[in-house]
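Residue-level structural notes
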Amino acid sequence: MVWGLLVLNTLGSTGAETIIPLPRSLIQMVTMGALVAAFALALAVNLRLRIRASAFVFLLTLLLVPSVISSLQLESGFGALFRCARLALFVGTLWLLSRWWDGGTTFVRHHIRMYFLVLASVAAGAVVSPGAAMPDVYGGRLVGALWPLTPPQIGQYAAVVIGLTVLLLIGGRTDRRSAAVVVVPSFVLLLLTHTRTATLGLFVGLALAIGSLVLTSAAARRFFVWAVACAAVAALGFASALQTWFLRGQSQENITSLTGRAKVWDALLAAPRTTSERLFGTGLGDKSFGGLPIDNSWLAVYHEQGLTGIVLVAAIVVVLGGVALLRPPSLSRACALFLISYCAIASYTEAGLGDASPYLLHLAVAASLLATPVAAPPLAPLTPPSTPEVRRHHHVPRWARRAEMT
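Residues numbered from 1 in each chain as written. Predicted model: local features only at pLDDT ≥ 70, side-chain atom pairs only at ≥ 80, totals over all residues. Heavy atoms only, no water.

1. Regarding the overall build of the chain
Tallying secondary structure elements over the chain gives 18 helices and 2 strands in all. Evaluated residue by residue, the chain yields a buried proportion of 44% over its 406 residues. When contacts within the chain are restricted to residue pairs at least 6 apart in sequence, long-range pairs at least 24 apart make up 76% of them. Working note: accessible area of the chain is about 21100 Å², and carbon and sulfur atoms make up 68% of it. (Helix = DSSP H or I, 4+ residues; strand = E, 2+ residues; numbered from the N terminus. Buried < 20%, exposed > 50% of the residue type's maximum accessible area, 1.4 Å probe, protein only. Contact = heavy atoms within 4.5 Å. Areas by Shrake-Rupley, 256 points an atom, 1.4 Å probe, with all protein chains shown as cover.)

Here it is as structure tokens:
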């Protein structure tokens, strides 16, 4: 329940128009209420405040320092302080949940189930109102018709669900039928979003994750061979269709400028900044500059949390990646490598590594997978219980007692 509430909180409140118009204030109330409920439930099941040492959550806690310092200047308004409180609750909930991080795949399953429910709502909206689910304003790309979700969000959720499910199948933690029920509809939704970043992150992340299992898993080797063969056939037989899907009707100039993102990035880097703004940023905001989305995690962190925030976020990625590379091959390591590599690729065209977001939830799952399993306490030696000495009274027959008396 706590993990599902965290997922709900990070869905956001902006996106396409829904079938039933939802006021943004109502959506923000629901998402923020979900975070408060998640923290309260996590505290209720961990009243003794038992936590595990985690470099990931510790670095997130340190990230609060530049966030608060920059937000206190109120350059981004009082909303910056509200976002700091949200980030503090988010990190506090992760601290409370760290007690159950044991290197297993429990949180992987929670992650798949929660985001598959989100994808199910997207599919339901597409069935109920195809026009609202694929509006012209987004170029016919799939959006959330029941809850305001953008195509990149849906593509991200679908890619993560597909990648983790495939890895569980390779590791023998699920059967083919259950995997097909999750993977096939999620892949259809991914194709309908026309999200290039999510697709690239899915394939590169799976390649790295499966590559880490090739030497120790026959199932991983078989899947790798089949994947290469299918990719070759698709490249030869459907090259024209793949090119059309990739271009999305855009011109070469539009693709070169990353759909206009490069212009925003150049303007952000060229803007004059004081020493304090360079070090700590301008405060947590809506990840935009000049009214346009930044769509780059590193530049968004630089803008809002300064160079200090960039160092801390880079340390998070480097620490998780380094720990994953040093671990022996295993399913947990493969899932962690997939999530880390996906977030690293998506950070180039998506923002979210410096604030409460699905990307931090992905990295939290990776941190839970890389946690050292808790050693079981040693068993006490099995010694027979000491029994008090019991005096035994031998029964003497009556005839013997008479003979002794005589």
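Structure shown, so let's carry the discussion forward.
2. Considering the pattern of salt bridges
Within this structure, the stated rule accounts for 3 salt bridges. Here Asp 295 and Arg 261 are joined by a salt bridge, their closest N and O atoms 3.5 Å apart. Pair noted here: Asp 295 is in the loop between strand E2 (292–293) and helix H15 (297–326) and Arg 261 is in helix H13 (residues 261–270), with a separation of 34 residues, a long-range link. Among the residues examined, Arg 261 registers a relative accessible area of 17% and is labelled buried. A salt bridge links Asp 355 to Lys 287; its shortest N-O distance comes to 3.1 Å. (Salt bridge = Lys/Arg side-chain N within 4 Å of Asp/Glu carboxyl O.)

3. Some remarks on the side chain of Asn 46
Mapped onto the elements, Asn 46 comes out in the loop between helix H2 (24–44) and helix H3 (55–71). By relative accessible area, Asn 46 is classed as buried at 0%. Setting aside anything within four residues of it in sequence, one finds Asn 46 in contact with Leu 96, Arg 99 and Trp 100.

4. So, unusual backbone geometry
For residues besides glycine, phi is generally negative; the peptide bonds are generally trans as well. The residue Leu 49 is not glycine, and still its phi comes out positive at about 55°. Within the element layout of this structure, Leu 49 appears in the loop between H2 and H3. Positive phi, normally seen in glycine, also occurs at Lys 287, with a value near 60°. Mapping Lys 287 onto the fold places it in the loop between helix H14 (275–280) and strand E1 (288–289). Lys 287 gets classed as buried once you look at its relative accessible area, which sits at 17%.

5. A look at the packing of H2 against helix H4 (residues 79–97)
With their axes 9 Å apart at the nearest point, H2 and H4 run at an angle of 30° to one another. The orientation of H2 relative to H4 falls into the category roughly parallel. Seen along the crossing, H2 lies across H4 with a hand that is left-handed. Note on element contacts: H4 touches H2 through Phe 82, Arg 86, Leu 89, Phe 90, Gly 92, Thr 93, Leu 96 and Leu 97, opposite Met 32, Leu 35, Val 36, Ala 38, Phe 39, Ala 42 and Leu 43. (Axes fitted to C-alpha atoms, helices over the stretch in contact; angles between N-to-C directions. Parallel < 35°, antiparallel > 145°, perpendicular 65-115°, else oblique. Left-handed = near helix turned anticlockwise from the far one by under 90°.)

6. A short note on a nonpolar patch on the surface
Among the surface-exposed residues, Ile 19, Ile 20, Leu 22, Leu 26, Met 29, Val 30, Val 128 and Leu 146 lie close enough to one another that they form a single nonpolar patch of about 710 Å² accessible area. Considering every element that reaches the nonpolar patch, the biggest residue donor is H2, with 3 residues. Looking at the secondary structure, you find Ile 20 in the loop between helix H1 (2–9) and H2. Overall, the relative accessible area of 63% leaves Ile 20 in the exposed class. (Patch = residues over 30% accessible without salt bridge, like charges linked within 9 Å, V, L, I, M, F, W, Y side chains within 5 Å.)

7. Some thoughts on the nonpolar core
By size, the foremost hydrophobic cluster in this structure holds 93 residues, and its most contacted members are Trp 3, Leu 6, Phe 56, Leu 94, Trp 101, Leu 167 and Leu 363. Here this core takes 12 residues from helix H7 (residues 151–170), the largest share from any one element. Beyond its immediate chain neighbours, meaning those up to four positions away, Leu 363 contacts Phe 56, Ile 316, Leu 320, Leu 339, Ile 340, Cys 343 and Leu 353. Counting 6 residues, the second largest nonpolar core, distinct from the first, contains Trp 265, Leu 268, Leu 299 and Ala 300. (Core = buried A, V, L, I, M, F, W, Y, C linked by side-chain atoms within 4.5 Å.)

8. Side note on the packing of aromatic side chains
In this structure the tally under the stated criterion is 5 aromatic pairs. Taking 5.3 Å as the distance between ring centres and 70° as the angle between the ring planes, the aromatic pair formed by Trp 3 and Phe 107 counts as edge-to-face. Taken together, the residues span a long stretch of sequence, with Trp 3 in helix H1 and Phe 107 in helix H5 (residues 106–128) at a distance of 104 residues. A single burial state applies to Trp 3 and to Phe 107, both of which are buried. Seen in terms of ring centroids, Trp 101 and Phe 107 are 6.5 Å apart; in terms of plane orientation they differ by 85°. Their pairing is edge-to-face. (Phe/Tyr/Trp six-rings, centres within 6.5 Å; stacked < 30°, edge-to-face > 60°.)

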